[in-house]
Amino acid sequence: MSVNENFLLVKKQYEKWGISIDNAFEQLKSVPISIHCWQGDDITGFEVEEQELSGGIDVTGDYPGKATTPEELRSDLEKALSLIPGSHKVNLHAIYAETDGQKIDRNELEPKHFENWVNWAKKMNVGLDFNPTLFSHPKAADGLTLAHPDKQIRDFWIEHCIRSRQIGEYFGKELGQPALTNIWIPDGFKDIPSDRLTPRKRLKESLDAIFAADVDESLNVDAVESKLFGIGSEAYVVGSHEFYMGYAMKNNKLCLLDSGHYHPTEVISNKISALLLFHDKLALHVSRPVRWDSDHVVILDDELREIGLEIVRNNALDKVMIGLDFFDASINRVAAWTIGTRNMIKSLLYALLLPNDHLKQLQDEGNFTERLALMEEFKTYPFGAVWDYYCEQMGVPSQEKWLDQVKEYEKAVLSQR
Ligand SMILES: C[C@H](O)[C@H](O)[C@@H](O)C(=O)CO
Ligand SMILES: [Mn+2]
């Protein structure tokens, strides 16, 4: 049976619940996922003096074919984008600047260093997001940046963040859609601090200085990302969840929730509805922590489904800016992007195909038996047939057919590097 025939058969099963698949597809098409460029090169970047990865994060694996030039990275992204349904964004870090072989330090970066990315984004019809890079640098060697006791070091990173927001503004202007510029810093201590307050005061002051710089908010949107612990900051992280939640609320910034940045049984899906009551928008780094913030490739597990459901059920497809953050160097990197991004989109489609209004009503009526029964039965509805049809409608391979294309690309391109 063809994908089309299969789809026509299963469509009726959803329609009997009043679910419009056409409507679901229309909504899904309008949601851009911000695909992080750093999966393609293990967060190495293109700085003239290449630095070892620091900041308490780690990439493991040595799968051959990693991108080592901007051209290679863009070519790999193009391959992945051709296998993912919809129009999306690409998320860059400051270390992906192109400086023509000149050593330009992070406090000297300018929009022109991202001109190639912008031209490429125009060609590919994708938006761009941005991140200052406050790690993998001699001035972050002791694990402190914006909260550093040394004012000169703080000032260096403040300048870097201001310039990053200006680069985001440039992306927004050139590409006709606002960029999200997200600040994540590694600052923290390996062992128990004797003073938790002072570093947080310093971070607050640094952020105030960064956001005092005038940047057009219609072109660049700011986010701040918290963390629980990192390698070398096990006892204390300055930019904790409570810190940034307070900061973002008071200063009208977006709170960015990364799925790997909480206690092991704490989930970001449960935070979305709470935060949306107090913020117009919020941002996500969808990742998959396995025992720690390991940044495994996102799979269609319970938490990913729940994230999709929370976004859809709260009518928040245009309020939650969905970004991805995983980096696995033990598998084909183009496949990693493809698997993780397709799964993120699948989770939204899954949520759009549930009788959400009916389920809400059952809860209000206290009918928890039927609520549970339906939620479980829908897990085995023929969702796969709808997903396959969506992929074909959007001009990308259905089912596992994309894998053949990745294998061909590996043979023709990646294995030649
Ligand atoms: C490279 C990313 O910016 C980084 O992963 C950050 O977002 C993070 O999640 C750190 O744990
Ligand atoms: Mn993150």
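Owing to the predicted nature of the structure, the values given are computational and were not obtained by experimental measurement. (Residues numbered from 1 in each chain as written. Chains lettered and ligands numbered in written order. Predicted model: local features only at pLDDT ≥ 70, side-chain atom pairs only at ≥ 80, totals over all residues. Heavy atoms only, no water.)

It is worth spelling out the coordination of the manganese ion (ligand 2) at this point. For a metal bound by four donors in tetrahedral geometry, the ideal donor-metal-donor angle is 109.5 degrees, whereas six donors in octahedral geometry ideally sit at 90 or 180 degrees. Coordination sphere of the manganese ion (ligand 2), protein contribution only: E225 (OE), D258 (OD), H285 (ND1) and D325 (OD), at 2.1 to 2.2 Å. For the manganese ion (ligand 2), the 6 donor atoms in the first shell make angles of 71 to 169 degrees at the metal, so the coordination geometry reads as octahedral. Each donor residue of the manganese ion (ligand 2) belongs to the same chain, with the gaps between them written as E-x32-D-x26-H-x39-D. With E225 in strand β6 (residues 220-225) and H285 in strand β9 (residues 282-286), the pair connects residues that are 60 residues apart, well separated along the chain. For E225, a relative accessible area of 3% gives the class buried. When its relative accessible area of 3% is taken as the criterion, H285 is described as buried. (Donors = N, O, S within 2.8 Å, 3.2 Å for Na, K, Ca; no water. Tetrahedral: all angles 85-135°; square planar, octahedral: opposite > 155°, others 65-115°. Helix = DSSP H or I, 4+ residues; strand = E, 2+ residues; numbered from the N terminus. Buried < 20%, exposed > 50% of the residue type's maximum accessible area, 1.4 Å probe, protein only.)

Moving on to the confidence of the model for the protein chain. Averaged over all residues, the pLDDT of the protein chain is 98; the fraction at 70 or higher stands at 100%. Across the assembled chains, the prediction reports ipTM 0.98 with pTM 0.97. (pLDDT = per-residue confidence, 0-100.)

By nearness alone, 13 residues border ligand 1, and H93, E225, K227, H261 and D325 come closest of all. E225 places a side-chain nitrogen or oxygen 2.8 Å from an oxygen atom of ligand 1. Contacts to ligand 1 include D258, whose side-chain N or O atom sits 2.9 Å from an oxygen atom. The fraction of the free accessible surface of ligand 1 (310 Å²) that becomes covered by protein chains is 100%. More than half of the atoms belonging to ligand 1 lie within 2 Å of the grid points that define the largest cavity. Residue classes in the shell around ligand 1 are distributed as 5 nonpolar, 3 polar and 5 charged. (Near = heavy atom within 4 Å. Polar contact = N/O pair within 3.5 Å; in protein donor to acceptor, adjacent residues only side chain to side chain. Areas by Shrake-Rupley, 256 points an atom, 1.4 Å probe, with all protein chains shown as cover. 1 Å grid on protein atoms, 1.4 Å probe; cavity = no way out; pocket = protein on both sides within 12 Å on 5 of 7 lines; lining within 4 Å. Sits in = over half its atoms within 2 Å of the grid points. Nonpolar A, V, L, I, M, F, W, Y, C, P; charged D, E, K, R; others polar.)

This part takes up empty space enclosed by the protein. A full pass over the atoms with the stated rule returns 3 cavities of 30 Å³ or more. When its volume is computed, the largest cavity comes out at roughly 170 Å³. If you go around the largest cavity, you meet 18 residues; those closest to its centre are I57, H93, W184, E225 and D325. Partitioning the lining of the largest cavity into residue classes produces 7 nonpolar, 5 polar and 6 charged. (Points joined across faces, edges and corners; volume = space filled by probe spheres on them.)

Ranked by internal contacts, the top residues of the largest apolar core, which has 127 residues, are W117, L146, F171, L207, L284, I311 and L348. It is helix α10 (residues 333-352) that provides the largest number of residues to this core, a total of 11 residues. Within the second largest apolar cluster, 6 residues are counted, among which are A223, L254, L256 and A283. (Core = buried A, V, L, I, M, F, W, Y, C linked by side-chain atoms within 4.5 Å.)

The next point concerns the state of the cysteines. Inspection of every chain in the model, using the stated rule, returns 0 disulfides. C37 carries a free sulfur, and the closest cysteine sulfur to it, the one in C161, is 17 Å from it. Its relative accessible area of 0% is what places C37 among the buried residues. C255 carries a free sulfur, and the closest cysteine sulfur to it, the one in C161, is 17 Å from it. Residue classification places C255 among the buried residues on the basis of a relative accessible area of 1%. (Disulfide = S-S within 2.5 Å.)

Moving on: the packing of helix α3 (residues 70-81) against helix α4 (residues 115-124). Closest axis-to-axis distance for the α3/α4 pair is 12 Å, and the angle between their directions is 20 degrees. Between α3 and α4, the angle falls in the class roughly parallel. Crossing handedness for the pair α3 and α4: right-handed. Across from L73, R74, L77, E78 and L81 in α3, the residues of α4 making contact are N116, W117, W120, K123 and M124. Of the residues contributing to the contact of α3 with α4, the split by class is 6 nonpolar, 1 polar and 3 charged. (Axes fitted to C-alpha atoms, helices over the stretch in contact; angles between N-to-C directions. Parallel < 35°, antiparallel > 145°, perpendicular 65-115°, else oblique. Left-handed = near helix turned anticlockwise from the far one by under 90°. Contact = heavy atoms within 4.5 Å.)

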